[in-house]
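Observations on the three-dimensional arrangement
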Amino acid sequence: MENGFQKEREQLKKMKRTVESCPFRTRYHIMPPVGWLNDPNGLCQFRGVYHAYFQYSPLNVHGGGGFWGHCMSRDLLHWEYKEPVLTTDIPEDESGVYSGSALIENDRMYLFYTGNVKKPGDYDYIDAGRISTQILTESEDGQHMSEKVKLLGMEDYPEDMTQHIRDPKVWKENGRYFMVLGARRRDWDSRGNRSDKGGMLLYTSGDKRKWSLYQEYVPEKPFGYMWECPDIFCLGGRKILSFCPQGLPSEAEKYQNIYQSGYSFLEDGQSPEESFHEWDMGFDFYAPQTFETEDKRRILIGWAGMPDTEKIHRNLSVKNGWQHCLTIPTELTFHDGRIFRMPVRELEDLPWAKMKKENGRYHWADRTVRLQIKEINGNRQTIRLGNEKNGLTILADGDRVELSFSGNSGNLSRCGGGRGRRTGRVEGMVREMLVIIDSSIVEVFVNSGETVFTTRIYLEKEERELDVSGCSGCEIVAI
Ligand code: FRU
């Protein structure tokens, strides 16, 4: 793997220097060492150490894939970046080592991913020109991978599926292995127009190598034309499906991004779209993946970014040679009929210190901030990041929370890079809020994680001010 990089080493070194001096670098959020990052992959804890892999294009800040990047951590917050572990070196993955997952068993790591091939030519890459192969590779240390083994190819998928089949998530249940894949089924509406349906394929195996189709699931009523990054797990006695449907029409306070990601309860007789809940109401959240820690916590990490939005939501780090990051790792809990998502408890253990106002305001420059407001109780509460001209307002009022990148002239703020407004609601009223600001990413956890907003923000260091009004029981700490 290291050898594959020899040629580009000089270019990478230069790029790394620009990235290292970028004011938008994150401290506790996984970001690409250089270039572009998208989905988290292969999340796991292996011999006590957390491993996070990610879709990675070190040489192209605008993406294009080519690698699984790798980093390791002991606390889910301080990450050590390693050399990429996978690249496009077999015919089955020549156009991309796409997303996938890890399974730890008998002190060994098994990584499952999709090898993507896009044949050169005039194809639509839906019904023709694309080959999606599910592949396994193994590791004893999380860094060095064994030979790649093909598990499933086009000949193994149901006939009615298009060529979009990817993102294996594998788990063990009652002595058998299961693999869920995101899929797109060929379909037509009543007028005969093409109207594909998103769904999933479930495969099962006794040995992780020979797989057979267990279930093809496509809802009767269409819920998007394609599902990406499915993940099935148990939480609080319920079976959960997390997935990313593409093609849901956007509504005023729902499905506000180009593609969605959310979860449903997998219950007999109920189809996933009936109980679908969005994971996040912010501008930048997609392709989350979960894993279980050795102490049995269910952790979710998402990509704090969106595909196909480069023209509308700019990331101002691009000029410094990198783009996108992952979310803070969050722990999922199930109660009151739904899932709550809060930063992992390790975050609280950081040596936070109380912030003091200077000239009537908080200035955070290159510090990471943790702001907690405990007694909102449905009252109007605003938090302003940045100054009057250029900033983000977080507004809570009744059961509603709104994030809005606007300046006092009413124009969009430069620091939002094209982002405007997002709205979300909670049951009853907004009681409390936790806001984490790590350089260029803001995460807002409302009512202990009932509703979460993730967004990127690009304020220069001297513009990094914080103003909180209408609050009681407010604690602001920084590190
Ligand atoms: C989601 C996704 C996956 C795919 C990967 C490729 O963002 O499109 O479906 O495996 O990205 O980078």
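What counts, and where the lines are drawn
- Residues numbered from 1 in each chain as written.
- Predicted model: local features only at pLDDT ≥ 70, side-chain atom pairs only at ≥ 80, totals over all residues.
- Heavy atoms only, no water.
- Helix = DSSP H or I, 4+ residues; strand = E, 2+ residues; numbered from the N terminus.
- Buried < 20%, exposed > 50% of the residue type's maximum accessible area, 1.4 Å probe, protein only.
- Polar contact = N/O pair within 3.5 Å; in protein donor to acceptor, adjacent residues only side chain to side chain.
- Near = heavy atom within 4 Å.
- 1 Å grid on protein atoms, 1.4 Å probe; cavity = no way out; pocket = protein on both sides within 12 Å on 5 of 7 lines; lining within 4 Å.
- Sits in = over half its atoms within 2 Å of the grid points.
- Pairing = 2+ DSSP bridges.
- Salt bridge = Lys/Arg side-chain N within 4 Å of Asp/Glu carboxyl O.
- Points joined across faces, edges and corners; volume = space filled by probe spheres on them.
- Nonpolar A, V, L, I, M, F, W, Y, C, P; charged D, E, K, R; others polar.
- Phe/Tyr/Trp six-rings, centres within 6.5 Å; stacked < 30°, edge-to-face > 60°.
- Lys NZ or Arg CZ within 6 Å of the ring centre and 35° of its normal.
- Axes fitted to C-alpha atoms, helices over the stretch in contact; angles between N-to-C directions.
- Disulfide = S-S within 2.5 Å.

Moving on to the environment of W68. Examined against the element boundaries, W68 turns out to sit in strand β3 (residues 67–73). Exposure remark for W68: the relative accessible area of 0% places this residue in the buried category. Along the primary structure W68 and S242 are separated by 174 residues, whereas in three dimensions their C-alpha atoms are 22 Å apart. Within the structure, the side chain of W68 is placed 3.4 Å from the side chain of N41, a separation counted as a polar contact.

Our next topic: the site of the ligand. Taken together, the residues surrounding the ligand are N38, D39, Q55, Y98, S99, R166, D167, E228, Y286 and W303. D39 places a side-chain nitrogen or oxygen 2.8 Å from an oxygen atom of the ligand. Between the ligand and S99 there is a distance of 3.1 Å, counted from an oxygen atom to a backbone nitrogen or oxygen. Mapping the ligand onto the cavity grids shows that it belongs to the largest pocket. Listing elements by their share of the shell around the ligand, those giving two or more residues are β1 (35–46), β5 (96–105) and β9 (161–173).

Let us look at the sheet that holds strand β14 (residues 238–246). If you walk across this open sheet you meet the four strands as β13-β14-β15-β16, and the pairing is antiparallel. Each of the sheet's edge strands pairs with one partner strand only, and the pair in question is β13 (226–235) and β16 (277–278).

With three bridges joining them, strand β18 (residues 298–303) and strand β20 (residues 330–335) adopt antiparallel strand pairing. Along β20, the bridge assignment pairs R298 with L332. Inspection of the sheet shows β20 paired to strand β21 (residues 338–343) by six bridges, in the antiparallel sense. Bridge pairing in β21 places L332 opposite R341. Hairpin geometry of β20 and β21 is characterised by an intervening segment of two residues between the two adjacent antiparallel strands and by a positive phi of about 50° at D336.

Next up on the list: the pattern of salt bridges. This structure, assessed with the given rule, holds 42 salt bridges. K172 is paired through a salt bridge with E105; the nearest N and O atoms lie 2.7 Å apart. In this pair, K172 is assigned in strand β9 and E105 in strand β5, connecting sequence segments 67 residues apart. Given the relative accessible area of 12%, E105 is considered buried. Between E140 and R108 there is a salt bridge, with the nearest N and O atoms lying 3.0 Å from each other. Residue E140 is found in the loop between β7 (130–139) and β8 (149–152), and its partner R108 is found in strand β6 (residues 108–118); the two are separated by 32 residues along the sequence. Overall, E140 belongs to the exposed group, its relative accessible area being 51%.

If you walk through the whole model with that rule in mind, you get three cavities of 30 Å³ or more. Lining the largest cavity are 14 residues, and of these G100, D167, C229, P230 and Q289 lie nearest its centre. Of all the secondary structure elements, the ones that give two or more residues to the lining of the largest cavity are β1, β5, β9, β13 and β17 (286–292). Considering only residue class, the lining of the largest cavity consists of six nonpolar, four polar and four charged. There is about 40 Å³ of room inside the second largest cavity. Taken together, N257, Y259, Q260, S261, E278, D280 and F285 make up the lining of the second largest cavity.

What follows deals with unusual backbone geometry. Positive phi, normally seen in glycine, also occurs at N106, with a value near 50°. Assignment of secondary structure puts N106 in the loop between β5 and β6. The phi dihedral of H324 is positive, around 80°, even though this residue is not glycine. Mapped onto the secondary structure, H324 falls in the loop between β19 (322–323) and β20. Classification of H324 by relative accessible area gives buried; the value is 3%.

Summed over the entire model, instances satisfying the criterion amount to 22 aromatic pairs. For the pair Y53 and W68, a centre-to-centre distance of 5.7 Å together with 40° between the ring planes defines the contact as tilted. Taken together, the positions of Y53 in strand β2 (residues 49–57) and W68 in strand β3 put the pair 15 residues apart, joining distant regions of the chain. As far as the burial class goes, Y53 and W68 line up, both buried. A centroid spacing of 5.9 Å and a plane angle of 65° characterise the contact between Y123 and Y125, whose relative ring orientation is edge-to-face. A residue is classified by how much of its surface remains accessible, and Y125, at 17% relative accessible area, is buried. Each residue in the set Y217, F223, W227, F243, Y255 and F276 is aromatic and connected to the rest through ring pairs, giving one cluster. When the ring centre of Y110 is taken as origin, the NZ or CZ atom of K208, which lies over that ring, is 4.4 Å away.

Attention shifts here to the sheet that holds β8. Strand order in the open sheet formed by four strands is β5-β6-β7-β8, and the pairing between neighbours is antiparallel. With one partner strand each, in any of the chains shown, β5 and β8 form the two edges of the open sheet. With strand direction ignored, the average angle separating the axes of adjacent strands in the sheet is 30°. Strand direction decides the pairing type here: β6 and β7, joined by ten bridges, are antiparallel.

Looking now at the state of the cysteines. In this structure the tally under the stated criterion is zero disulfides. Residue C244 stays outside any disulfide, its sulfur separated by 5.0 Å from that of C229, the closest cysteine. According to the relative accessible area criterion, C244 is buried, its value standing at 1%. Unpaired in terms of disulfides, C325 finds its nearest cysteine sulfur in C22, a separation of 11 Å. Take C325: its relative accessible area is 0%, and that puts it in the buried class.

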